[in-house]
Structures are given as C-alpha cells and as structure tokens.
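An overview of the molecular structure
What follows is the residue order along each chain.
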Amino acid sequence: MSQEIRRKIAQLSDEIRDHQFKYYVLDKPTITDAQFDSLLKDLQKLEAAHPEFKLPDSPSDQVGGGFSTTFAQHDHIEKMMSLDNVFDGDELATWFDRIAKAEVKNSWLCEVKVDGLAINLLYEKGKLTRALTRGNGTTGEDVTLNIKTISAIPHELKGKSFPEILEVRGEVFFPIAAFNEFNDQQEELGKERFANPRNAAAGSLRQKDPRVTASRPLSMVVHGIGAKAGATFDSQSGAYELLKGWGLPTSSRYKVVADRKEVEEFISYYGEHRHDVEHEIDGIVIKVNELTVQEELGFTSRAPKWAIAYKYAPEEVTTKLLDIRVSVGRTGRVTPFAFMEPVKVAGSTVTNATLHNASEVIRKGILIGDTVLIRKAGDVIPEVLGALVEKRDGSEKPFVMPTKCPDCGSKLRAMSEGDVDIRCPNTQSCPAQLKERIYYIGSRAALDIDVLGYEAAAALLEDKLITDESDLFALTEKDLEKSNFFLKKDGTLGANATKFLTALNEAKSEPLWRVIVALSIRHVGPIAAKALAKNFGSIDAISQASEEALADTEGVGPIIAGSVIEWFEVDWHKQIISKWKKAKVNLVEVAVASTSPQTLLGLTLVVTGSLNDFTRDGVAEVIESHGGKSGSSVSKKTDYVVVGDAPGSKLAKAQELGVRTLNEDEFKLLLAKGPSALG
C-alpha cells in the first residue's frame, strides 16, 4: 500500500509540473484551471496524509511560473562522438579507400549536415527525461526545460515498441527565414543582432528562462542514436524510419546510395542547392548504412570510422575595409555599409556589406582600415561580422555617423523614443528615398512592373517626369519622350517605353494587397497587406479604420496598426491615394473567379514547414485558388494541417486539437480530387 501511495504522489507531481510548464512557459494549457486545481488538491491531500512520501521539490510548495534552467552538468550514457572532416574530392577518395581496405560490402547513407547545436535527448520508458548539450562528449549541460519548448520534439514517444532507454542525437537549429525575420525585429527594437542562425540557436538554448526560448521558433533534426536498451536496428536508414515512427523529427533530406559516384552526385546537388534548404548546412555526412558494418569498422577516440563529413567551402572570408559609407532606404532609414577591397565569397565578388546601424559598428568595434571578416549566404546581402584586431597597424580610424542626410541635407534623427535607427525625416522629397520607393513599386515584392528598375526610377525623377510616386500611373508617351532613358538614338521612343507603359497599365489591376505593399508603409509586408485587404476590403476602409480595429486584425497587431494610422495622417500620402484612384489603380479587394477545381471549397488549411513544390506565398495562393482558406494559426476550425520539412509549433497544436495532418503528396491529392480521395 505504501509503495502505491509513493508512486501516486510521484505520478501526480510529474503531471502537475508538466501542466505548469505548458501553462507558464509554453502558454498552451491542455486542461482547464479547475482541472488543474483538482489535481493540485489531490496531491496536497496525499502529502498531508503521508508527509514521509512528499518530494523535496514538490509542486505544492512552488510558484507555478518559477521554471528556470540551471545548466547543471550530467554525463551522457553513451559518449557523443564527433565527426572527422574532408574538404575535397581527393580527401574523400582517401576515406573511401580506407573503408575499402576493410573488405566490407555496404551501401551509403548521405544526408545534409545541419549547421546547428548538437543535443542528446534521453527517453526513459518513452518519456523525455533529460536533454544535454554535447559538452566534451562525455558530459554536457542540462537544457531539458528549454528543449521541451521546441514543438518538434515530443515529450513522449508514439507507439509501444520503443526501447526502455533511448538516447537520440540531433541538431537544434533556427530556420533561416525565421532567423532573418527575428534579426530584423531585434534591430527594430534596438537589440543586438545574432551573427548567424547557429549562434541564434545556441543563444536561444542558453536562456535561463525557458519562456524566452519558447518565444523563438527553434526546431530540431535527429540523426543518430546513443544508448539503447531493448532495441536493435539493422541499418542507419532503418533506424531513421523507426525514429520517425516514434514521433521524432527526422529529415527527409537523406538518400541511401550504392556507390561512390552516387555519393558524389549527392554532394554536388546540395553544393548547388544548399540555400534551398530551410536551415543552414555546411556539408554532407556520409555514413555506412549497415549497422553490422559500422560495428566492424568501429571508432577512433573521437569519431566513428564509418562516417565522414564532407565540408563545403566556407562562406566567411576576410578583406580590407576601405571606408564606411551610408545609404538611405525607402522609409528614410540611414544604414552604414562597408566599402571593401573586392573579395570572392559564396560564388560572387562583393565590394559592399551591411553594417546595419551605427550602434552595430560601435558594438563590433570596427574601424575604417580594418581587416574584417564578412559572411554571405546565398542571395543574402553580405554582412560584416567583425574586425581582426591583431592585424591593425595604427592607421585605422573610427567611423562617425553623419548628422545630415547625404542626399538631401536634412538633419537626421530618431523618429521615436528608443528607435535604434537614424532616419531622414524628408520622406516626401529626399531623392534617395524617392528613388528607392519608386524602384520598390516596380519590384516583384510589390506591383512587378516591367522596366521599372533602379535606372528607370532614377531617370523618371532626374528628368522630372514625376515628382513622387503619386504621378507614376499618369505617365504618357509624351512624358517619356522627355527622357533619354526611353529614347532610341534617333530620338524616337524605344521598345522599353512601350513595355513600361503596358506594364504600368497592367499593374493597375493587381490585387489590393500588392497595392498596399507598394505604398511602403513601415512594417507592412505581404502578410499584413493581405490581412488588411481581406479584412477591410478597400483602401478607403483601411484609411478610416480605428487603430484598435486594425490591431485586432489577425496578422497585423499594434505596431503595424500604429504605422498604418500614421501613414494615412500625412497629407501627401492622401494625395498618392487620390491620384492613383483617378488613374484607375485597383484600390478595392476584388474576388477573382478561379479556373482551378474548387476541391477545397469551405475548407481551412494551415501549412507548416517547407514544401518541395510550393513556396510559402505560392501554397497560400494555390489553396485560395482551389476555394479554400489559408490560415495562419491552427484552431478547432482548421480542417487540415499540411506538414513539410522542419514543421513549427503548428504541428504540435494540430496534434493537440486532433486536426488531421497531411504530407505533401496527400495535399496534392486533396487539391486534385478533394477530401473524398483521402478516405
């Protein structure tokens, strides 16, 4: 009887702590307050009747929100090994030859190498009991509470066939798109930017308050197994399938191949597509697939002999910082940028790199004349990470932020208290802001107007064809004849003039949300613009809406609402709307008849993670064109959640609410044939 009471107290204590964690840290309670109070009352009664069994850290004695991570050190059950690296084809061939000498026949498993933070998850009887960093391989730091905030990581394994004890190894990462958005938010709030997604992931897990970690969209991919009691695997790929079946986040970006040539093809493919992946990768891991062969090959003191990491060329290089200059953006923000000796990085030669703001220049301690470390990933603008102080010779000098706009001479200032950015307040007629705004209107992000690039924007303004964006849609052939940019050598209008006027006319029929984006309202991007267009239906309704009504719109919020109110209070902004309306630019939400089969009519779908054949914006348009609604959050009203690679918290919410989830193939079937095809 006494053992039963001891077990019941321990079980109740664990259950209450779990609910406290969901309520105070995750902000996602799964029971009502009354149900929680009932559990706590049951525990208190048992403890009062049997004080000898009360736990020292009983939740009945603690404030519910008092969760914190102490980073206590614990040993891994089985040592976490590292990987040896190779950097070119010759080194890889040498490794292959070494494996061949062992006279073993095998297949190879190739997978992308996630550039994240190594973590070891310990599951006991299917429950996540501890999460440790790699540490020195033998001992790591306890980050269990923080790891439990990551929605991709199950607190309990699915099914019943899992081992009594299971150590799962993987990488915690910050998705690239979310990282860029998060860094922009940090900058807007005057906080320090993270240098790269890996640092952001590590910094997010190093928070003592798990609520901070919970606020950041971390994810994880598992790729290995440590200690296991009561389980056997015949291959690496077979182990991945079992891990996936237990609910663990495995990657789909692996392939089992038969020979060296196929390994090299896999390496080459991701060398060209490394920036198409939702997380950063720094190479490819090649493993012997058969576990019996792995056991035969064994380990060195630090790494398995049966695996190797092929590392891609670095995307960080050094160069000389010749000067620090400033540019003025379309919202007036003045941004310092580095002007450098040309250097090749990530496949292209660069001379400029962003420095974000004056505070960042000071924080990083960068001086003009320094040798600096720069980073470029894919199409992202190169960024200066820091200076190599040891290479200074005394000739370096500090950067002084200008006090006047370099383009119009206006006195620069912060536009609001606490604003980390310095801005040019001359929004209407500053040449730099005007050119950037006109260019942005023609970009794919806004109205996608053919010919309207930087050169055309500059010509329109310099030749006084327009004074600002309000005049853009009133342009005629006669106007364009006044600018050499649109003329041929014989003085007649060129083909670019015809293309431009045609594109201008077509842009008048673009959806309302694109017009809203084209207005360059601070903080308003495609998501907020679509929400405003859908909720209010017209520019007039948006301009007349209260700040409260705007803020209550899903996808908008108080910061964007304030920006919208502020924008429409400016007289010359009202003139833009007036002139565009006169030019018959579409300023209302128009329901467009779809030619696609209406297989999703009446259904609400939410997408989480990256899909192979659909972009983030594209999948929403496909859903809507098939008659469905593309939701931004999961609720009981959601019909399906489409799950791609590295899904976020929406997957956990779907599982919690019992909303059906679909993989990409099932989603395509739904698009083609409707719900009946899914059974």
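Rules used throughout
- Residues numbered from 1 in each chain as written.
- Predicted model: local features only at pLDDT ≥ 70, side-chain atom pairs only at ≥ 80, totals over all residues.
- Heavy atoms only, no water.
- Axes fitted to C-alpha atoms, helices over the stretch in contact; angles between N-to-C directions.
- Helix = DSSP H or I, 4+ residues; strand = E, 2+ residues; numbered from the N terminus.
- Parallel < 35°, antiparallel > 145°, perpendicular 65-115°, else oblique.
- Left-handed = near helix turned anticlockwise from the far one by under 90°.
- Contact = heavy atoms within 4.5 Å.
- Pairing = 2+ DSSP bridges.
- Core = buried A, V, L, I, M, F, W, Y, C linked by side-chain atoms within 4.5 Å.
- Buried < 20%, exposed > 50% of the residue type's maximum accessible area, 1.4 Å probe, protein only.
- Salt bridge = Lys/Arg side-chain N within 4 Å of Asp/Glu carboxyl O.
- pLDDT = per-residue confidence, 0-100.
- 1 Å grid on protein atoms, 1.4 Å probe; cavity = no way out; pocket = protein on both sides within 12 Å on 5 of 7 lines; lining within 4 Å.
- Points joined across faces, edges and corners; volume = space filled by probe spheres on them.
- Nonpolar A, V, L, I, M, F, W, Y, C, P; charged D, E, K, R; others polar.

What follows concerns the packing of helix 12 (residues 431–442) against helix 13 (residues 454–462). Packing of helix 12 against helix 13 brings their axes to within 9 Å, and their N-to-C directions diverge by 130°. Comparing the axis directions of helix 12 and helix 13 gives the class oblique. Between helix 12 and helix 13 the crossing geometry is right-handed. Of the residues in helix 13, those touching helix 12 at Leu434, Lys435, Glu436, Ile438 and Tyr439 are Tyr454, Ala457, Ala458, Leu460 and Leu461.

Looking now at the sheet that holds strand 17 (residues 604–608). Spatially, the four strands line up as an open sheet ordered 18-17-19-20, and their pairing is parallel. If you trace the sheet from one side to the other, it starts and ends with strand 18 (629–631) and strand 20 (660–662), each paired once. Between one strand axis and the next, the sheet turns through 35° on average, direction left out of account. Two strands pair when backbone bridges link them, and strand 19 (residues 640–643) and strand 20 are joined in this way by three bridges, in the parallel orientation. Counterpart to Val642 in the pairing with strand 20 is Leu662.

With 58 residues, the main nonpolar core has Ile449, Leu460, Phe473 and Phe500 as its most contacted residues. Those elements that place two or more of their residues in this core are helix 12, helix 13, helix 15 (495–507), helix 16 (512–518), helix 17 (526–536), helix 18 (539–544), helix 20 (557–568) and helix 21 (571–582). With near-sequence residues (within four places) excluded, Ile449 lies in contact with Ile441, Gly442, Phe473, Phe500, Ala503, Leu504 and Ala507. Counting 37 residues, the second-largest nonpolar core is a separate cluster that includes Ile147, Phe179, Leu218 and Met220.

Tallied over the entire structure, the rule returns 26 salt bridges. Residue Glu4 pairs with Arg7 through a salt bridge whose shortest N-O separation is 2.6 Å. Pair noted here: Glu4 and Arg7 are both in helix 1 (residues 2–24), with a separation of three residues, about one helical turn. Across the pair Lys579 and Asp471 runs a salt bridge, and its minimum N-O distance is 2.9 Å. Taken together, the residues span a long stretch of sequence, with Lys579 in helix 21 and Asp471 in the loop between helix 13 and helix 14 (477–480) at a distance of 108 residues. Given a relative accessible area of 32%, Lys579 falls into the partly exposed group. Take Asp471: its relative accessible area is 16%, and that puts it in the buried class. One salt-bridge network, held together by shared partners, links Glu360, Arg363, Lys364 and Glu383.

The predicted model of the protein averages 87 in pLDDT, with 92% of residues at 70 or higher. Highest mean pLDDT in the protein belongs to helix 21 (96); lowest belongs to helix 2 (residues 33–49) (76).

Time to look at the environment of Gly409. Along the chain, the position of Gly409 falls in the loop between strand 16 (383–387) and helix 12. Looking at Gly409, the relative accessible area reads 39%, which means it is partly exposed. Separated by 21 residues in sequence, Gly409 and Cys430 have C-alpha atoms that sit 8.7 Å apart.

The next thing to look at is empty space enclosed by the protein. Under the definition given, this model contains one cavity of 30 Å³ or more. Every residue along the wall of the largest cavity is listed here: Asp115, Gly116, Phe173, Phe174, Pro197, Arg198, Ala201, His279 and Glu280. Take the lining of the largest cavity: its biggest share by element is three residues, from helix 6 (residues 197–205). Split by residue class, the lining of the largest cavity holds four nonpolar, two polar and three charged.

To continue, consider helix 17. Inspection of helix 17 places Ala528, Ala529, Ala531, Leu532, Ala533 and Phe536 among the buried residues, and these make up the whole buried set. Check the buried side of helix 17 and you find it contacts helix 16, helix 18, helix 19 (547–551) and helix 20. With its phi angle positive at about 85°, Gly537 sits one or two positions after the end of helix 17.

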